[in-house]
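Summary of structural features
Here's the letter readout for the chains.
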Amino acid sequence: MTDRPVLHAASGMVRDTAGGPAAMPALAIRGLTRRLGRKTVLDHVDLDVAPGEFLALLGPSGCGKTTLLRLIAGLDGADDGRIRIAGRPVDHDGRMLVPAEARGVGMVFQSYALWPQMTVAENVAFALKRARRGPAETAARVTAALDTVGLAEHADTMPDRLSGGQRQRVALARVLAAAPALVLMDEPLANLDPHLRRGIGDEIRRLHDATGAATVYVTHDQTEAMTLADRIAVMDQGRIAQVAAPAELYDQPADTATARFVGQGAMVSAMVLRGETAGRVPVRIGGGDAVIRAAPGTLAGPAHVVLRPEALVPAPAGTTGSLPAFVSRRTFEGGGHLLRLAAPWAGEPLLMRTGRHAPDTGETIGVLVRDGWVLPRA
Ligand SMILES: Nc1ncnc2c1ncn2[C@@H]1O[C@H](COP(=O)(O)OP(=O)(O)OP(=O)(O)O)[C@@H](O)[C@H]1O
């Protein structure tokens, strides 16, 4: 057992571990709506972030991620709905109650947002001085923060002398030194070289774990969200489509948009033959029968099924229920191959993972469905 509050994955609301009254979330959003021009950019967004949680906001370009982050930070106000930070109402039914600088929120941007005329140490100290911290405390915090991100020897360097990765570390040190209870990050790895991204990403997660602050991390990169976050909120056209832990999102997407945005695979038409029992249903896909996963209450009838690359296995010749598939492409992936398969029964290209010895492009093979997920909302 843990004392940490847990989040009810489907709703995104905080419950405590005993199922009792909710612990106070670091961030609570209800019915948040923002219209820009004639467009509803955020449409009744509900979201909770638990103290110490790392939540990724994931979605395609233009779905409203940055707008939501700006509202939380206080850089913009909502048209409707409510935001509470650590229980304190900051934006309430169209009124900004607390300005950005008084929200106790730290921000890390894609563009680093450092003051070019200040040294690294001055950049890190800036917010502390504005918060009227004493000189001794400010100096100690700046030194500790720069030490933590490995930039102690660059305290007197100007930002334009630093690499992109080092600049983003300064931005992280600035947040560390201010020690806010809530950290907002807007695509902090987007401007970095691919080889740096993993390292800085790991560092962001390490610092998050060390400080205990809650983090909301905006990205359109599913791998980043999967590797860094405790939970992922998938956004689609101004709405939260699903909030869940990475593995749950991959295994049990709520709808087609989420299934396509997170992970690879195909959406295939199927017939559910009998209602759900113990999380499974018998289905007919193509001419073959399989038993796959389904949400509680799934009924018999036509359905859409998600088949991830792990869901298909090659069928030895003559296996009952084997379905024909044509290998249209074979890609070497280090440990094995990823096959792209064309099959009349599937309606769209399928993917299948194999070992080192894989059928060649142009071969027709037999496959079995050994796993899958019935989409609750097609
Ligand atoms: N000032 C504005 N007036 C009208 N529409 C706007 C304005 N600012 C943003 N939008 C629209 O709001 C939508 C959401 O924008 P937002 O920047 O929040 O998306 P995003 O998910 O962060 O995208 P990206 O990943 O590309 O940054 C977009 O369709 C955008 O065109």
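This is a predicted model, so every value here is computed, not measured.

With respect to the overall build of the chain
If you tally the helices and strands in the chain, you get eight helices and 23 strands. Its C-alpha atoms put the chain at 80 × 50 × 45 Å along the principal axes. Taking the intrachain contacts of the chain between residues at least 6 apart in sequence as the baseline, contacts between residues at least 24 apart amount to 63%.

Looking at helix α5 (residues 194-211)
Over its 18 residues, α5 extends 26 Å from the first C-alpha to the last, a length consistent with the 26 Å expected when each residue adds 1.5 Å. Where the residues of α5 are buried, they touch β5 (54-58), α3 (135-148), α4 (164-178), β11 (214-219) and α6 (222-228). Once α5 finishes, G212 follows within two positions and takes phi at roughly 80°, a positive value.

Section: the pairing of strand β10 (residues 182-186)
Buried residues dominate β10, accounting for five of its five residues. Here five bridges tie strand β9 (residues 105-109) to β10, and the two strands are oriented parallel to one another. The partner of M107 across the bridge, within β10, is L184. Relative to β11, β10 is paired through five bridges, and the arrangement is parallel. Each bridged residue has a counterpart across the sheet, and for L184 the counterpart in β11 is V216.

A few points about the pairing of strand β15 (residues 280-285)
A one-sided burial pattern is seen for β15, the buried positions being V281, V283 and I285 and the unburied ones R280, P282 and R284. Pairing between strand β14 (residues 266-272) and β15: two bridges, direction antiparallel. Bridge pairing in β15 links V272 to V283. Pairing of β15 with strand β16 (residues 288-293) involves six bridges; the strand directions are antiparallel. Note that in β16 the partner of R280 across the bridge is R293. Turn length for the β15-β16 hairpin, with the two strands adjacent in sequence and antiparallel, is two residues, and the turn residue G286 shows positive phi of about 60°.

What about the packing of α4 against α5?
In the contact formed by α4 and α5, the axes pass within 11 Å of each other and the chain directions differ by 10°. Taken together, the axes of α4 and α5 lie roughly parallel to each other. Side by side, α4 and α5 meet where G165, Q168, L172 and L176 of the first sit next to L196, I200, I204, L207 and T211 of the second. Counted by class, the contact of α4 with α5 contains six nonpolar, three polar and no charged residues.

What about the site of the ligand?
Around the ligand there are 13 residues in total, and L36, S61, K65, T66 and T67 lie nearest to it. Where the shell around the ligand is concerned, the elements lending two or more residues are β4 (39-49) and α1 (65-73). At three residues, α1 tops the list of elements feeding residues into the shell around the ligand. Broken down by class, the residue content of the shell around the ligand amounts to three nonpolar, eight polar and two charged.

Observations concerning the UniProt feature "domain: ABC transporter" (unreviewed entry) in the chain
Mapped onto this numbering, the UniProt entry annotates "domain: ABC transporter" (unreviewed entry) at residues 27-262. The straight-line gap between the two end C-alpha atoms of residues 27-262 is 25 Å; of that span, 36% is helix and 28% is strand.

Some remarks on the sheet that holds strand β19 (residues 323-332)
Sheet architecture is open: five strands sit in the order β18-β22-β19-β20-β21, paired in antiparallel fashion. Across the chains shown, the open sheet's two edge strands, defined by having one partner strand only, are β18 (312-314) and β21 (350-354). Adjacent strand axes in the sheet meet at a mean angle of 50° when their direction is disregarded. Direction of pairing for β19 relative to strand β22 (residues 364-369): antiparallel, over a ladder of four bridges. Its bridge partner being in β22, P324 is matched across the sheet by G366.

Quick look at the nonpolar core
Grouped together as the largest cluster of nonpolar side chains are 73 residues, with contacts concentrated most on L27, V124, A173, Y217 and A233. The greatest single-element share of this core, amounting to eight residues, is contributed by α4. Leaving out residues up to four positions away in the same chain, A173 has contacts with V124, A145, L146, T148, V149 and L151. In terms of nonpolar packing, the next biggest core, distinct from the first, is built from 34 residues, V306, A343, L350 and V369 among them.

Some remarks on the environment of Q237
In this structure, Q237 sits in the loop between β12 (231-236) and β13 (239-244). What makes Q237 partly exposed here is the crowd of 15 C-beta atoms within 10 Å. Once the C-alpha coordinates of Q237 and D43 are considered, the two residues, 194 residues apart in sequence, prove to be 8.3 Å apart.

Observations regarding the sheet that holds strand β3 (residues 27-36)
The antiparallel open sheet is built from five strands, whose spatial order is β4-β3-β6-β7-β8. A strand with exactly one partner marks an edge of an open sheet, and here the two such strands are β4 and β8 (95-96).

Rules behind the numbers
- Residues numbered from 1 in each chain as written.
- Predicted model: local features only at pLDDT ≥ 70, side-chain atom pairs only at ≥ 80, totals over all residues.
- Helix = DSSP H or I, 4+ residues; strand = E, 2+ residues; numbered from the N terminus.
- Contact = placed C-beta atoms within 7 Å.
- Expected span 1.5 Å × (residues − 1).
- Buried ≥ 20, exposed ≤ 12 C-beta atoms within 10 Å, placed from the backbone.
- Pairing = 2+ DSSP bridges.
- Axes fitted to C-alpha atoms, helices over the stretch in contact; angles between N-to-C directions.
- Parallel < 35°, antiparallel > 145°, perpendicular 65-115°, else oblique.
- Nonpolar A, V, L, I, M, F, W, Y, C, P; charged D, E, K, R; others polar.
- Near = placed C-beta within 6 Å.
- UniProt positions renumbered as here; feature names shortened; annotations may be inferred.
- Core = buried A, V, L, I, M, F, W, Y, C linked by C-beta atoms within 7 Å.

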